[in-house]
Amino acid sequence: MVSGGAGVRLHLVRAEQSAASDDVVDSSSRAEGGEGGDDGDARDGVRVRVLSQGCHGQRSVRAVRRPSCGGVNHPKRQRCHGSVTASAPSPPHVLPFFAMTDPRPVRTRFAPSPSGHLHVGGARTALFCWAFARGRGGQFILRIEDTDRKRSSDAAALAFLDDLAWLGIDWDEGPEAHGCGGGERGPYRQSERRALYDAAFEKLIAGGHAYRAFETAEELDAARAAARVEKREYRYDRAALALDPATVAAWVAEGRPHAVRFRVPDDEAVVFEDAVRGTVRVEASELDDFVIRKADGFPTYHFAVVVDDEHMQVSHVIRAQEHLNNTVKHVLLQAALGYTRPVYAHVSLIFNPDGSKMSKRDKDKTLRRVVKERGLDAPVAVDEKTWAWWQESKDHQLDLDDAESLAAALDAHLPEINIDDFRRAGYLPEVMINYLALLGWSPGEDVEKFDRAFLLERFDLDRVVKSPAKFDREKLLAFNLDALQAMPEADFVAAVRAHAEAHHPAFLERLDEAAFARFAVANKERSKTLDDPFRDGGFFVAGDDTLTYARTKAVRKALVNGEPNGFAHLAAVRETLAAVDVWSVETLEPAVQAYADNHAGGKLGKIAQPLRIAVSGGTISPAIFDTLVILGRDAVLRRIDRLLAHREAISTPAETVS
RNA sequence: GACCCCAUCGUCUAGUCAGGUCUAGGACACCAGGUUUUCAUCCUGGGAACAGGGGUUCGAAUCCCCUUGGGGUCGCCA
């Protein structure tokens, strides 16, 4: 019988489901004592366990969009509530809308495994969790899911903390870093929460909800393989459940390794309300008795997640859609443990432009593909031991440094998928936030550009898009460009300087503060990323004698065509430049313009292009007078002389010549 | 294969829950012009979508069903 739990909830259940209340099981009331209800409803032969309900009682598989969620008042709720009495269909039974609203304070968590940098998908999940909680005065929790002892847990594995901090996503509770973290409900690493899990295991086993299983991983692998060969579906056969208690006790006593499995109820349907997908219904019979404790004593993900969410009082679980099916397990576990069920929201996946799932493993996959294509079997760029380990299994991923050196050695381009990749490529954190938010959420009203404050204020689960999104780098780039252009000059200079400090120190050595500032400003309107000024600006730090000339058609055209041609103009304007009093844009521009007026029909381009080639080696640079000033008179004159000295070679077609 | 989820321009999406105001809006990309000392910007204009089929309705992008397509999950990984 249903007992205890939220009074209002149960009251309404009873009021509405007179005869069949037995099979309506409140998740918070199923604590002990085995199955809470009896055989229950016979109307369709399948007992339905309603663990949560929205206002829509349809049993259709098609999702019914929930109007809102969270403990926030919403005008739509009234309407929703009002419709309840009108429906009252056959199972799953209907609870009024607010029955699924978690009345607790809003607390969300982001729970990655410690596997290095944060990838785009994880970042978006974290962002949604953060925005949802913070926008409602709640807390955002970070938790490390490190129950897999085979995975590394060193400092590098926690690199995602830096990525989060860079994005401006700060956490109220969790590992301590960047001035964030701490909290009362820790520790926030699962490997340090063993006692909590152990207590829960005992409770489940004692209650008959779980049992020890002695098959080894190898045996199970073999059974799965056999099933595959016979083209039948593999299901754990519950052999361990048939063991008599004395045998189990003896085996446990002698220390025989074993896992613990959850006993999945027979003939029940698990129905839960997803805040973005609506009603989801899965028959429990689709599941086999899944492992909740591994032989090494650690909990599996499914178990740890449920225990931790309860202990940390997580009210809303916002995660990727790949977890939608897992939710069934979690809901079952919560019911068996007597836990409160959080509100679930499964957001769609992010795909690569080619339609494949965007994954942190994509770098590794790219590398494996290239290695296979080239038929490589000996270590390249990494040591033998690492190579052997990497080859051993597709689950073994190279760490970033190794991956990058291997990519460099193979001349392969690694896809940008980590937040850190974009950081290094010169994207602004606020742009990443903005774009990420747009991937799967929209504020409506044709609004696309917004900041964190707006997100906090407007983000809600009911506007999260259900269909998967492809990651569009072009659009991200366009957003970054717009943000860069909108920056005050001083901010832009500071950002470019910070980027140089991290990635292009040579520019800071070569350019003094004033020159660097001019360099940044001169590049502002032509930069799409903070890296652009450096990528095309290598000539600024090149030696005057080692500059490389692009020997393209455009270069020859500027130098050779016309009468007088570019070389001739250069030779002449060199003297104009040498004679200028003060080396500044204000003096250079009128001087060169005057020369152009007198010798090139006023066409500044006739002079600017040859000059550009002389000082940069090609046809691409910031505005020419800025470029000259940044370089300084000596370098400019030397470069002009050098070009003139190489005029023959440069006039002949070829790719490049040094 | 079984189960679950999804389906509007090339892409991200608005519109779908409360059917008519949608000859479907915006953004990125693309194409054509224009500005500019190069590249990049910038300006103007343009093409571009309701997956298909049934049904409900006076009326369907919107509600229902089927089909098709895409994705996810089926681990002592998380």
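Here the structure is a predicted model, which means the values were calculated and not measured.

Asks: Lay out unusual backbone geometry with the relevant residues and their values.
Replies: Cis geometry marks the peptide bond from Gly 186 to Pro 187; its omega dihedral reads -5°. Tracing the backbone through its elements, the reader meets Pro 187 in the loop between β5 (180-182) and α5 (194-206). With a phi angle near 55°, Asp 267 is a residue other than glycine that sits in the positive phi range. Summarising the element assignment, Asp 267 is placed in the loop between β7 (259-262) and β8 (268-274).

Asks: Now, about the pattern of salt bridges: what can you tell me, with residues and values included?
Replies: Considering all chains together, one arrives at 32 salt bridges under this definition. Between Arg 238 and Asp 289 there is a salt bridge; the shortest N-O distance is 2.7 Å. A residue pair is termed long-range when its members are at least 10 positions apart, and Arg 238 in the loop between α6 (217-229) and α7 (239-242) and Asp 289 in the loop between β9 (278-283) and β10 (291-293) qualify at 51 residues. With a relative accessible area of 2%, Asp 289 lands in the buried category. With its nearest N and O atoms 2.9 Å apart, the salt bridge here joins Asp 482 to Lys 449. Residue Asp 482 is found in helix α17 (residues 473-486), and its partner Lys 449 is found in the loop between α15 (429-438) and α16 (452-458); the two are separated by 33 residues along the sequence. According to the relative accessible area criterion, Lys 449 is partly exposed, its value standing at 45%. Among the ionic contacts, a cluster of salt bridges with common partners joins Arg 109, Arg 143, Glu 145, Arg 193, Asp 308 and Asp 309.

Asks: Talk me through the side chain of Arg 612; I want residue IDs and the actual numbers.
Replies: Inspection of the secondary structure puts Arg 612 in helix α26 (residues 605-616). Despite its burial, Arg 612 remains without a salt bridge, the nearest opposite charge being carried by Asp 626 at 9.1 Å. Here Gln 609 takes part through its side chain, which lies 2.6 Å from a polar atom of the side chain of Arg 612. If we skip the residues at most four places from it in the chain, Arg 612 touches Gly 617, Gly 618, Thr 619, Ile 620, Ser 621, Pro 622, Ala 623 and Ile 624.

Criteria and cut-off values
Residues numbered from 1 in each chain as written. Chains lettered and ligands numbered in written order. Predicted model: local features only at pLDDT ≥ 70, side-chain atom pairs only at ≥ 80, totals over all residues. Heavy atoms only, no water. Helix = DSSP H or I, 4+ residues; strand = E, 2+ residues; numbered from the N terminus. Salt bridge = Lys/Arg side-chain N within 4 Å of Asp/Glu carboxyl O. Buried < 20%, exposed > 50% of the residue type's maximum accessible area, 1.4 Å probe, protein only. Lys, Arg positive; Asp, Glu negative; His and termini not counted. Polar contact = N/O pair within 3.5 Å; in protein donor to acceptor, adjacent residues only side chain to side chain. Contact = heavy atoms within 4.5 Å.

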